[in-house]
Amino acid sequence: MPPVLLLVLAASLVALPSCQSLPVLAPVTKDPATSLYTIPFHDGASLVLDVAGPLVWSTCEGGQSPAEIPCSSPTCLLANAYPAPGCPAPSCGSDRHDKPCTAYPSNPVTGACAAGSLFHTRFAANTTDGNKPVSEVNVGVLAACAPSKLLASLPRGSTGVAGLAASGLALPAQVASAQKVANRFLLCLPTGGPGVAIFGGGPVPWPQFTQSMPYTPLVTKGGSPAHYISARFIEVGDTRVPVSEGALATGGVMLSTRLPYALLRPDVYRPLTLGNNLGGYSVPNVQLALDGGSDTWTMTGKNSMVDVKPGTACVVFVEMKGVEAGDGRAPAVILGGAQMEDFVLDIDMEKKRLGFSRLPHFTGCGGL
Ligand SMILES: *[C@@H]1O[C@H](CO)[C@@H](O)[C@H](O)[C@H]1NC(C)=O
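All values derive from a computational prediction rather than experimental measurement.

Novice: Go over the sheet that holds strand S18 (residues 286-290), please, and point to the residues and values.
Specialist: As summarised here, the arrangement of the four strands in space is S15-S14-S18-S19, forming an open sheet in which the pairing is antiparallel. Whereas interior strands pair on both sides, the edge strands pair on one side only; in this sheet they are strand S15 (239-240) and strand S19 (296-299). Of the strand pairs in this sheet, strand S14 (residues 231-236) and S18 are connected by five bridges, and their pairing is antiparallel. Paired with Val 236 across the two strands is Val 286, which belongs to S18.

If you want it as structure tokens, here you go:
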């Protein structure tokens, strides 16, 4: 190799660390009225986090520029890769394929959907070095336009939804390509105080908890962009729940932020509630033994009871309706917001793994 080329190569290697991209941090707030979580988007508007949502969508009054994406383009295919149940099947029609792309944003709470075009917008946030904000960035984001009626049941002040699923137009993938960071995010959902979402991976504010974080594989389930993990068994206290062999593996465990409680398929719910007095206030820990190690996702009383009104707490394991026992098309377990609160989750779509670590009560997600 000619010496000059070597020199150039060496210089570019040396220069690398200084151009390393920093992750992007957004504060997460829990809306007390809906138990949904939001992040600031730009100019005072916020978006609802939907960990299983495939798109970013927002009402788009206010002169944003339409993206002029043709219906037959790869981007339009990405926008329609995961049609929500009950939404119209996307189609370019049989005539000409150069008409504009239509996406079908859907409301994670009501399931309603609407047709909308794609438009360019921006996600205003700070990059972080793990300790403090470094610089403000406007991340260019392609979002679907939604009519304001699609905001029904979402927190007041929110103008749409930020999908965090494993799809090309979800927010983590868009931040990854715009900021040259990993397609990965850390999420700490708050109980009361501030929470945080960090797009792009470390450095993180809680290295002491994330350095030795246990990981379990993220699994994909055909036709769904949601994040799934698989569990081997469930224990309540020291007792293994007599769920029939393979039930948990059939359908998997899905992460969701659209409901505060966990939904269990009847073949998982019934054995769990039969022998256990989960209704009492002194709730034993519920432990989900995950694939890929000896670690369990331990839900303490805080993750297994919610106060519905003063003096009334409810067990947050609810039986899934309209689903047959053992039907693998439905997840065996859907973990909701209450089960994820006060954990740091590392959802790494590049390494296809989920890290989870409980934060001590005295720090919460805070200490940022
Ligand atoms: C970025 O950080 C600064 C300093 O903490 C803060 O004032 C500002 O609001 C942040 N910007 C965004 C978009 O979060």
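Continuing now.
Novice: Which residues make up the site of the ligand, and what values do they have?
Specialist: Around the ligand sit Ala 124, Ala 125, Asn 126, Pro 133 and Glu 136, and that is every residue in its neighbourhood. One of the side-chain N or O atoms of Asn 126 is found 2.3 Å from an oxygen atom in the ligand. At 2.9 Å from a nitrogen atom of the ligand is found a side-chain nitrogen or oxygen belonging to Glu 136. Protein contact buries 43% of the 360 Å² of open area that the ligand shows by itself. Elements with a contribution of two residues or more to the shell around the ligand: strand S6 (118-128) and strand S7 (133-145). Sort the elements by how many residues they give to the shell around the ligand and S6 lands first, with three residues. For the shell around the ligand, the per-class residue count stands at three nonpolar, one polar and one charged.

Novice: So what about unusual backbone geometry? Which residues, and what values?
Specialist: In this model, Ser 153 sits at a positive phi of 75 degrees, which is unusual for a non-glycine residue. Along the chain, the position of Ser 153 falls in the loop between S7 and strand S8 (158-163). Phi at Lys 352 is positive, roughly 50 degrees, even though this residue is not glycine. Relative to the helices and strands, Lys 352 is located in the loop between strand S24 (343-348) and strand S25 (353-358).

Novice: Tell me about empty space enclosed by the protein, residues and numbers included.
Specialist: Under the counting rule described, the total for this entry stands at two cavities of 30 Å³ or more. In terms of lining residues, the largest cavity is bounded by Ile 234, Leu 264, Leu 272, Val 286, Leu 288, Met 299, Phe 317, Val 333 and Leu 335. Sorting the residues of the lining of the largest cavity by element identifies S18 and strand S23 (333-335) as the ones contributing at least two each. For the lining of the largest cavity, the per-class residue count stands at nine nonpolar, no polar and no charged. If you add up the space inside the second largest cavity, you get close to 30 Å³. Every residue lining the second largest cavity is listed: Pro 214, Tyr 215, Thr 216, Leu 290, Asp 291, Gly 292, Gly 293, Asp 295 and Phe 356.

Novice: Could you give an account of the sheet that holds strand S22 (residues 317-319), naming the residues involved and the relevant values?
Specialist: Strand order in the open sheet made by the six strands is S12-S13-S16-S23-S17-S22, with mixed pairing throughout. Strand pairing shows two members of the sheet lacking a second neighbour, strand S12 (219-221) and S22, which therefore form its edges. If you compare each strand with its neighbour and ignore which way they point, the axes differ by 35 degrees on average. For strand S17 (residues 262-264) and S22, the ladder comprises three bridges, and the chain directions are parallel. Bridge pairing links Ala 262 to Phe 317 in S22.

Novice: Describe the side chain of His 227, with residues and values.
Specialist: On the secondary structure map, His 227 appears in strand S13 (residues 224-229). Only 2.7 Å separates the side chain of His 227 from the backbone oxygen of Leu 164, close enough to count as a polar contact. If we ignore the near neighbours within four places in the chain, the residues touching His 227 are Val 51, Leu 164, Ala 165, Ala 166, Phe 185, Leu 218, Val 253, Met 254, Leu 255, Ile 347 and Met 349.

Procedures and definitions
- Residues numbered from 1 in each chain as written.
- Predicted model: local features only at pLDDT ≥ 70, side-chain atom pairs only at ≥ 80, totals over all residues.
- Heavy atoms only, no water.
- Pairing = 2+ DSSP bridges.
- Helix = DSSP H or I, 4+ residues; strand = E, 2+ residues; numbered from the N terminus.
- Near = heavy atom within 4 Å.
- Polar contact = N/O pair within 3.5 Å; in protein donor to acceptor, adjacent residues only side chain to side chain.
- Areas by Shrake-Rupley, 256 points an atom, 1.4 Å probe, with all protein chains shown as cover.
- Nonpolar A, V, L, I, M, F, W, Y, C, P; charged D, E, K, R; others polar.
- 1 Å grid on protein atoms, 1.4 Å probe; cavity = no way out; pocket = protein on both sides within 12 Å on 5 of 7 lines; lining within 4 Å.
- Points joined across faces, edges and corners; volume = space filled by probe spheres on them.
- Axes fitted to C-alpha atoms, helices over the stretch in contact; angles between N-to-C directions.
- Contact = heavy atoms within 4.5 Å.

These figures capture arrangement, not role.
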